Amino acid sequence: MESDKSRLSWLSKPLFFIYLMGCLFFVFKNNPYLYSTETLKSMFHKKQSDEIHPVPQVKVGDLKAGDLTSAFVWRMNQNRSAFYNPATTFNYKYEKIWSRHLLLDGDAIFKSSLWVFDESGYYLYGSGAALAATDTSGLLRWKLKLSDPNSTFAAQPLITKTRVFALTTDGRLFAIDKDHGRVLWTVRAGVGSRGSPVLVGQRVLFFATEETADLNKVNKLFAAYAETGNIERLGTDDVGPITNYPPTINEELKSLYVASEAGNLFAFNYETGKLLFKTSTSDKILSAVVLADKKAIFSTMDGKLVAVDAKTGTLAWETDLESPSDSTPTFIPDYNYLAVMTNNGYLQTIDIKTGERKWKFLTHNSSSHHNTVAIRLKGRWIEEHSMKWQYKGWVIVAPCGDNRLCIYNPERGQIVDRMSLEGRLASEIMISGTDFVVSITTKDKDSGEEVMQLILLGEKRPGSDKTTPPPSSGVPPGTPGSS
Amino acid sequence: MDWLKATFWEIKQSSALKWFGFLLGLSHLLTFFTWASTGHPPLGYYADSAPLCWSFFEDCASLRVLSLGQMTLVYYTYPVLAAIATIMFVSNRLYGVGWFFLTLAFFFKSLLYFNDARLSHNAHYLLFLAHAVFLFAPQKKSILKYLLVSFFVASGILKLNTEWMSGVWLTQHTGFHPKFAEWVAALTALAELILPWMLVSRKSQNIVVGFLGLLGLSIGYWFISDSIGPAVQVLFVLFYPFYYFEQRRNEMEYLYQSYIRPAASQAWLPIVILAFWTLQALPFAKHVNPAMASVSQNLALEGHPTHQDCQQTTFAIFANEVREVDLGDPKGRPERLQCDPFMRFLDVKNLCRKLAEESGFQNVASSFSLRTLNDKDYRRIFESDDLCNKKVNYRNLEQVGWNRTKAD
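## Observations concerning the state of the cysteines
Residues and elements named next belong to chain B.
- Per the stated rule, a full pass over the model turns up three disulfides over all chains.
- Each sulfur of the disulfide joining C352 and C388 lies 2.0 Å from the other. Across the S-S bond of C352 and C388 the torsion is about -85°, and the bridge reads as left-handed. Here C388 lies in the segment after β4 (379-384) and C352 lies in helix α16 (residues 341-355), a separation of 36 residues in the sequence.
- Given a relative accessible area of 8%, C352 falls into the buried group.

Following this line, the structure appears as structure tokens:
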């Protein structure tokens, strides 16, 4: 039988009332916005921080002096003018020292990679969601593979003495231990990114795409501290989709230049992120931005070569190249010319002061690469080719013909010499010491399929045998620094 | 075996208890149906060489004495036992057989359920308590009357937090306007706190209101969440009409207390109810003694799934490769465990076991961060690049870091 509660029934109503009031109190305490038009969820979201945190959390103090020294700089020099170190002089006779696959013992996904390099080896990218590092003879040192197959290391990584910084197309920046490939930190700055990262001081600058509250995508300038990965939203201006090249830096003006696909050149103060100027052009910008003679120079899709004042952005001159050029102009010191090859194979020189075209020469370049390089020849070759001493032996190296690199005298455009390649040029012309490194596509002798090979072109040197495959370890013979 | 005879006597005397036995049998069939429609998770988890153990016993793999074949037999025998128990409770005479088969079904379910923490659910927790009372406790009718009310009130109390009151869970599952969802959330909490008390009222209209209100609420949430919880609530609510009619009949017929089998002491009622509420209070003990956390979290009802954002970054480290691994949301994992730190830690340990056989494998590095609706920023829960080390367990994670092994 149940207990009789009649003695307590007079208590039950007030107790129930107190209980009911207590329930209502706690309901309203936990949602004070119940009777308001604001929702509790929106209040939470307002309080939530949009700070971006790297993974893992890194303690300050591990980085040593010199760790962030750049080991590879695109376009050959620190002021991004695309001419090689004027203290180094070159021969004009080159032959193949060795050729090999990009990656001797690794994944097929790296078969057709893009690459950059330094004295430690080669860094392969652009092949999907993976990055690889080889030693100088092409053997794998490490690779980093991402889980999302749609996320690509599309842009050139930044290589320093001890670290590699790489951006993915889904907005993540990685800092990688250069020797072992361990992830030092990674941070997701946005939902996408374009262009390569660039190092200024202790910070890595890059552009990433953020999604706004109304689902618009904006591309902004970010800075990540190289040691910890802590992110700063540096710029507030939307630059739109930008080219995939590294931004160009001018340390004197503390400015960073980036070209957008919509035809705008942006210049930012890289310390504060303030927009210095925005210059609009007639069409999409195809090349990277080069700095020379206090000007920022680039080429557009409607075949123009444009120079603007590097400080103010005002137009200095504009020259019609008659055909578009996706190559980045090369500055030739002493001549004060710019060399640029249009997509239809015309190598042209332009006076940097006035924008006047000096000459153009049809190179019959059959490759899809049009970037040129400016180097100085040794004294005896200046004499041999009757070049004027005042110009100190500067020449232009450019792809030409079918499977060749040619050396041109910038004064009149005549060919000084040619280097034969065993296949179609598949990369920019890179310089290692006084040698040239390029990749070519060629047919494999055994299988007959098209493969990509890395070639070192250097001065003929004793002991080098073109037919000898590179050793299984150590530096290939004939490479500077090898025994 | 006197207590068994007393148990049978009590069930024999009460049609409400027979009906509740029938409902408990149905709950087993419901449990099996839910498992079967989500890919037979007990068997899937048992086939996994690395179980996700309950937090109070991390080495549960050592207790796996049955083979997969034997466990499969247990799994498919379980609904048969439940079906027999259900049918037996329909009969007025075979309730003893029904009790026996219900006990067997309860035991088989325990074998399946306690093998892996991924199967944990508030509904099963409540069913275990209800079974324990129905099968073994004296004064079943009285205890069940208040225990089931306690279940609802405890569930209501767990909803008194900003996460539930924000209505985010409802918005995600129904597409309600946020403000409407807030009101539905508030009214749900109030309903669970107030309506159950009406079930124990003396006034019939209160009982009707309480019954219809809770039934409607449970059926409504059954459609929204598509989980076993609301279905079990419906079964519990269905006990009360039978209890009510039986009480009316007893009062009208003035059934005498039997001297052959006297009723058990009324003290059992407060003892059981107090025990239940003590269990619900256990999670607060971790503020006094943190070591209690791993024990208490499995002995009390879990809070309603809160809205959590979590991020996990994991890399498998090989001799000359670093491979990012997306551990993702394993199929079939309950929603409330998607961002559970312990589950995520066990996911990493499982990854270590799977990759151990790959050539060149060295370790796994992982970082896990969590943010609830209330949090301003993500909180780093664990972060280490030495997670495959056997000495690393969930309790000493704070002592290991990332990139420290390189320097050691």
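That covers the picture; the talk isn't over yet.
## A look at the packing of aromatic side chains
- A full pass over the atoms with the stated rule returns 57 aromatic pairs over all chains.
- Seen in terms of ring centroids, Y84 of chain A and F90 of chain A are 5.6 Å apart; in terms of plane orientation they differ by 75°. Their pairing is edge-to-face. There is no split in this pair, since Y84 of chain A and F90 of chain A are both buried.
- Through a chain of ring-to-ring contacts, the aromatic side chains of F20, F89, F134, F151, F236, F239, Y240, Y243, F276 and W277 of chain B assemble into a single cluster.
- The lysine or arginine in question, R100 of chain A, covers the ring of Y122 of chain A, its NZ or CZ lying 5.0 Å from the ring centre.
- Over the face of the ring belonging to W164 of chain B we find K159 of chain B, whose NZ or CZ atom lies 5.2 Å from the ring centre.

## What to know about the domain arrangement of chain B
Residues and elements named next belong to chain B.
- In terms of domain boundaries, chain B breaks down into domain 1 (2-286) and domain 2 (308-399).
- Averaged C-alpha coordinates put domain 1 and domain 2 at centres separated by 34 Å.
- The partner domain 2 presents 18 residues to the 17 residues of domain 1 that form the contact.
- Carbon and sulfur atoms supply 50% of the area buried between domain 1 and domain 2, which totals about 1,400 Å² over both sides.
- The tally of links from domain 1 across to domain 2 stands at zero salt bridges.
- Across the domain 1-domain 2 interface, the total number found is one residue pair in polar contact (both at pLDDT 80 or more).
- Among the elements of the structure, α8 (162-165) and α9 (168-174) are those that each provide at least two residues to the side of domain 1 that touches domain 2.
- Among the elements that take part in the side of domain 1 that touches domain 2, α9 stands out by supplying three residues, more than any other.

Cut-offs and rules
Residues numbered from 1 in each chain as written. Chains lettered and ligands numbered in written order. Predicted model: local features only at pLDDT ≥ 70, side-chain atom pairs only at ≥ 80, totals over all residues. Heavy atoms only, no water. Disulfide = S-S within 2.5 Å. Helix = DSSP H or I, 4+ residues; strand = E, 2+ residues; numbered from the N terminus. Buried < 20%, exposed > 50% of the residue type's maximum accessible area, 1.4 Å probe, protein only. Phe/Tyr/Trp six-rings, centres within 6.5 Å; stacked < 30°, edge-to-face > 60°. Lys NZ or Arg CZ within 6 Å of the ring centre and 35° of its normal. Domains from an automatic or database assignment. Contact = heavy atoms within 4.5 Å. Buried area = accessible area lost by both parts, 1.4 Å probe. Salt bridge = Lys/Arg side-chain N within 4 Å of Asp/Glu carboxyl O. Polar contact = N/O pair within 3.5 Å; in protein donor to acceptor, adjacent residues only side chain to side chain.

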